[in-house]
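Chain residues, written in single-letter form:
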Amino acid sequence: MDFKKFFERFESPEGFVKTTVDPNIDGSTKAALNRKGNILFNTGDTEGARRIFLTTGYSDGLSRVGDYYKSQGRPLDALKMYWIAPDRTKANPIIQQLSEIIRHFLNEEVADE
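To keep things clear, this report deals only with the structure shown in the data block. (Residues numbered from 1 in each chain as written. Predicted model: local features only at pLDDT ≥ 70, side-chain atom pairs only at ≥ 80, totals over all residues. Heavy atoms only, no water.)

## A look at the overall build of the protein
In step 1: Each helix and strand counted, the protein has six helices and zero strands in total.
In step 2: In the protein, the order of α-helices and β-strands from amino to carboxyl end is α-α-α-α-α-α.
In step 3: Looking at the 113 residues of the protein, the share that counts as buried comes to 27%.
In step 4: Nonlocal contacts in the protein, meaning residues at least 24 apart in sequence, comprise 37% of its contacts between residues at least 6 apart.
In step 5: Carbon and sulfur atoms make up 54% of the accessible area of the protein, which amounts to about 7600 Å² in all. (Helix = DSSP H or I, 4+ residues; strand = E, 2+ residues; numbered from the N terminus. Buried < 20%, exposed > 50% of the residue type's maximum accessible area, 1.4 Å probe, protein only. Contact = heavy atoms within 4.5 Å. Areas by Shrake-Rupley, 256 points an atom, 1.4 Å probe, with all protein chains shown as cover.)

The structure is reproduced here in structure tokens:
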């Protein structure tokens, strides 16, 4: 199996980005940004909403973006949003699926030897 080709479909130009949990934004600015992010998300601008939610650390918004990514067949992007949120309830099933895929590849590699 060509592993590089298999995993290329999961690549994101942004990769995984470490963010702070507590951004240095005052409460009224954060609330205004979150409202703007919700408007963007509800009107279909998921990427604009994602940028705002990452900036503010809005966990519910990040989780909803993760749900959107998951519905679009983008599990690694969904996992990234769930992990940053942090929403381990939604992240854990994806981690379990990835673990099973890795386990399958390892078993396949051993069988080929």
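## Side note on the packing of helix 3 (residues 46–56) against helix 4 (residues 59–71)
In step 1: The interhelical angle for the contact between helix 3 and helix 4, taken along N-to-C directions, is 145°, at an axis separation of 9 Å. Considering only the axes of helix 3 and helix 4, their crossing is left-handed. In this structure, helix 3 contributes T46, E47, R50, F53 and L54 to the contact, and helix 4 contributes G61, L62, R64, V65, Y68 and Y69.
In step 2: For the contact of helix 3 with helix 4, a count of residues per class yields six nonpolar, two polar and three charged. (Axes fitted to C-alpha atoms, helices over the stretch in contact; angles between N-to-C directions. Left-handed = near helix turned anticlockwise from the far one by under 90°. Nonpolar A, V, L, I, M, F, W, Y, C, P; charged D, E, K, R; others polar.)

## Re the nonpolar core
In step 1: If you look at the biggest cluster of nonpolar residues, it comprises 16 residues, and the most contacted ones within it are F53, L62, V65 and M81.
In step 2: Of all the secondary structure elements, the ones that give two or more residues to this core are helix 2 (27–42), helix 3, helix 4, helix 5 (75–84) and helix 6 (88–112). (Core = buried A, V, L, I, M, F, W, Y, C linked by side-chain atoms within 4.5 Å.)

## Some details on helix 3
In step 1: Burial analysis of helix 3 places eight of its 11 residues in the buried class, the great majority of the element.
In step 2: Of all the residues in helix 3, the buried ones are T46, G48, A49, R50, I52, F53, L54 and T56.
In step 3: In this fold, the buried residues of helix 3 make contact with helix 2, helix 4 and helix 5.
In step 4: G57 lies just past helix 3 and shows a positive phi near 75°.

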